[in-house]
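Listed here are the chains, written in short residue letters.
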Number of protein chains: 2
Amino acid sequence: MSLLDETCARIAIPDPGMAERTQLLLDAKTKPRRSLGRLEDLACRFAAIRGEERPPLPVKAIVVMAADHGVAAAGVSAYPQEVTAQMVLNFVRGGAAINVLARQAGARVVVADLGVATPPPADAGVRALRIRGGTDDFTRGPAMTRDEAVRALEAGIGLAVELASEGVTLLGVGEMGIGNTTAASALTACLTDASPHDVVGPGTGVDAAGLARKREAVQRALEVNRPDASDPLGVLACLGGFEIAGLAGAILGAASRRVAVLVDGFISGAAALVACRLEPRVAGYLIAAHRSSEPGHERVLAAMDMRPLLGLELRLGEGTGAALAMSVVDAGVRILHEMATFADAGVADSGR
Amino acid sequence: MSLLDETCARIAIPDPGMAERTQLLLDAKTKPRRSLGRLEDLACRFAAIRGEERPPLPVKAIVVMAADHGVAAAGVSAYPQEVTAQMVLNFVRGGAAINVLARQAGARVVVADLGVATPPPADAGVRALRIRGGTDDFTRGPAMTRDEAVRALEAGIGLAVELASEGVTLLGVGEMGIGNTTAASALTACLTDASPHDVVGPGTGVDAAGLARKREAVQRALEVNRPDASDPLGVLACLGGFEIAGLAGAILGAASRRVAVLVDGFISGAAALVACRLEPRVAGYLIAAHRSSEPGHERVLAAMDMRPLLGLELRLGEGTGAALAMSVVDAGVRILHEMATFADAGVADSGR
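All values derive from a computational prediction rather than experimental measurement. (Residues numbered from 1 in each chain as written. Chains lettered and ligands numbered in written order. Predicted model: local features only at pLDDT ≥ 70, side-chain atom pairs only at ≥ 80, totals over all residues. Heavy atoms only, no water.)

Before we go on, may I ask you to explain the overall build of chain A in this structure?
Secondary structure assignment for chain A yields 15 helices and 6 strands. If you line up chain A on its principal axes, its C-alpha atoms span 70 × 45 × 45 Å. The buried share of chain A, reckoned over its 352 residues, is 65%. On chain A, roughly 11,500 Å² of surface is accessible, and the fraction owed to carbon and sulfur atoms is 50%. If the 35 positive side-chain charges of chain A are averaged to one point and the 40 negative ones to another, these points end up 3 Å apart. (Helix = DSSP H or I, 4+ residues; strand = E, 2+ residues; numbered from the N terminus. Buried < 20%, exposed > 50% of the residue type's maximum accessible area, 1.4 Å probe, protein only. Areas by Shrake-Rupley, 256 points an atom, 1.4 Å probe, with all protein chains shown as cover. Lys, Arg positive; Asp, Glu negative; His and termini not counted. Charge placed at Lys NZ, Arg CZ, Asp CG, Glu CD.)

I tried to follow the pattern of salt bridges on my own but got confused; where do I start?
Two side chains with opposite charge may pair up if their charged atoms get near one another. Under the definition given, this model contains 38 salt bridges over all chains. The salt bridge involving Arg291(A) is made with Glu298(A); its shortest N-O contact spans 2.7 Å. Taking relative accessible area as the criterion, Arg291(A) reaches 33% and is therefore assigned partly exposed. Residue Glu338(A) pairs with Arg103(B) through a salt bridge whose shortest N-O separation is 2.9 Å. Of this pair, Glu338(A) sits in helix H14 (residues 320–338) while Arg103(B) sits in helix H5 (residues 97–105), which puts the two residues in different chains. (Salt bridge = Lys/Arg side-chain N within 4 Å of Asp/Glu carboxyl O.)

Before we go on, may I ask you to explain the sheet that holds strand S1 (residues 60–67) of chain B in this structure?
Pairing between the strands of a sheet comes from backbone hydrogen bonds, and it takes one of two forms, parallel or antiparallel. Residues and elements named next belong to chain B. With parallel pairing, the 6 strands of this open sheet are ordered in space as S3-S2-S1-S4-S5-S6. Two strands close off the open sheet at either side, each with one partner strand: strand S3 (127–128) and strand S6 (286–288). Judged from the 4 bridges that link them, strand S4 (residues 170–176) and strand S5 (residues 260–263) form a sheet pairing that is parallel. For Gly 172, the partnering residue across the bridge sits in S5 and is Leu 262. (Pairing = 2+ DSSP bridges.)

How should I be thinking about the relation of the copies chain A and chain B in this particular structure?
Two copies of the chain are present, and they differ by a rotation about an axis and a shift along that axis. With an RMSD of 0.0 Å, chain A superimposes on chain B once it is rotated by 180° and translated 0.0 Å along the axis. What the superposition gives is, in effect, a two-fold axis relating one chain to the other. Every residue of chain A has its C-alpha some distance from the rotation axis, and the shortest such distance is that of Leu310(A), at 3.1 Å. (Least-squares fit on C-alpha atoms with pLDDT ≥ 70 in both.)

Would you explain helix H10 (residues 232–239) of chain B in this entry?
Helical geometry: 3.6 residues make up each α-helical turn, so side chains three or four residues apart lie on a common side. Residues and elements named next belong to chain B. Across the 8 residues of H10, 8 count as buried, placing the element largely inside the fold. Looking only at H10, the buried set comprises Pro 232, Leu 233, Gly 234, Val 235, Leu 236, Ala 237, Cys 238 and Leu 239. Where the residues of H10 are buried, they touch helix H6 (146–165), helix H7 (180–192), helix H9 (208–225), helix H11 (242–256) and helix H12 (266–278). (Contact = heavy atoms within 4.5 Å.)

Take a look at the structure:
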């Protein structure tokens, strides 16, 4: 049995009975029942995932996976491909937005190279999980082989399992890769049966001509590859990116070890959608961090029936929305530990 | 000149030129322009309020004002009036939701008694700003006199000015008072010209009969008092609560000292609306923390043209939404300080 199959088989649906026990603990706290809204839902979700009615506060990490995309040659981004490698170095030096927001959240950042065109120096502090230096241009054929897709998925699984073994219980997933909103758009169009027009957005900020090229690229990718939406591995190989495949693997690996996953924005969301199609039970481990400005994100969220925690008009990726949402998850769990009960505090309970 | 008039006169519109300078700093950071969405807006807002293009991280406090309401006798709450005093003690002992969330946010909590029926012990750590032990039932006449309204406003001003002098630069405002969603509903109906049906909600969780009593109470309050919406002080005296008046004062006091204000939910929002009607320039200092589940909140937000940062279905009050939103404001300001520029990091800039 492959690591991928074994990982999927190991994913269990989080226990709804545990969530109910946690809700009873919350109902005894000095507040009207359910008046902390989604914070209470998060506490219950996290408890069910962890299998403890009052789990410890999350131990947090953010995985940022980077790779390059053959389709970048089609002029689909406002930035040149070199920026992927430049930003990877910015991540490990601590100067990017994700570093700032992860520091605030108390989360460690793990940067992984799944296939950046220019590999970072070996001593730079980047996890080398390279498949090769970027995908092929999917407007001319598959982005990668099925075997490469499995290898990228398994690299992600390995990293998530390692982090789980080090005690991480809440994993944020983010990415960097010039051209990757085009790949996420193609995956979304295929997996949600949407038109390129509806899923393609400005990404890092292309102009009208660039937007037209992105739509054209997605349309061509679908025509040239004719991916079968019922074969998620095939879809991933045709239309994905190495970092997207790696993230889908990290999500599956996290769920297989009862680690909750904060899914960042559109590209991470497309990776989560691939993971859900590979193994639907993974859905119980996913928390949508924020609603991105990218139009395709709405489709991705709807396909997984997910409602994001935040709506701050972010469109940066890197895991920035996941880092911001970590404090909301923390807050839900912290309530469980630190709030007084009606009995403790001598406060009259209406029972409502 | 009264303290109230002097405070209103001192409120200056935050400098839009400073916000533009801060946006230029943000545009040099390693991310597509404006891709951090509302975080960038917050950084610019905070800079304009503070009058510095790169202001230090916010120094945070949350003021929780408590008082009782004569209208509670009309059976408008799921909880007995004693709960106001009981919760005040819970706040100073650190066991309430606001304490947990303020600890997480790194904000100090200041609890003030503006008129709780049973005063807390003198040594309990509650700021004594009492007007008297609760308002009159406003279904039979004014909740308080105009003079009492001014005294409560000025008590709030005094507290905010004191906190500003101690270095606070971001003030969250929250409240506790059994019956106070009914007062907030009456204020909202009057100040936004809405029907009681549209602004009254379940509050702490009343049943259908309780909801009908709340609507009836608001309707009666409007009929009996006939408040004039163009006289905000008169509206506050007829329909307000001492904690609501105190919060309106705290908001004015904060703005007069260039302190940004995170407005919590429906009741704090009604207080902010009163403050805006007393002095429209205060609007530039207000940040709506979250969208409450209470239906009247939407009206309050629309009347001030405010778009909340969070939508987590909270309906607790106490300042809980303000505490959660503090980390979002922090994140915006932190980006200004800690992110690398394109030049620092050697990353190619698209200029977009």
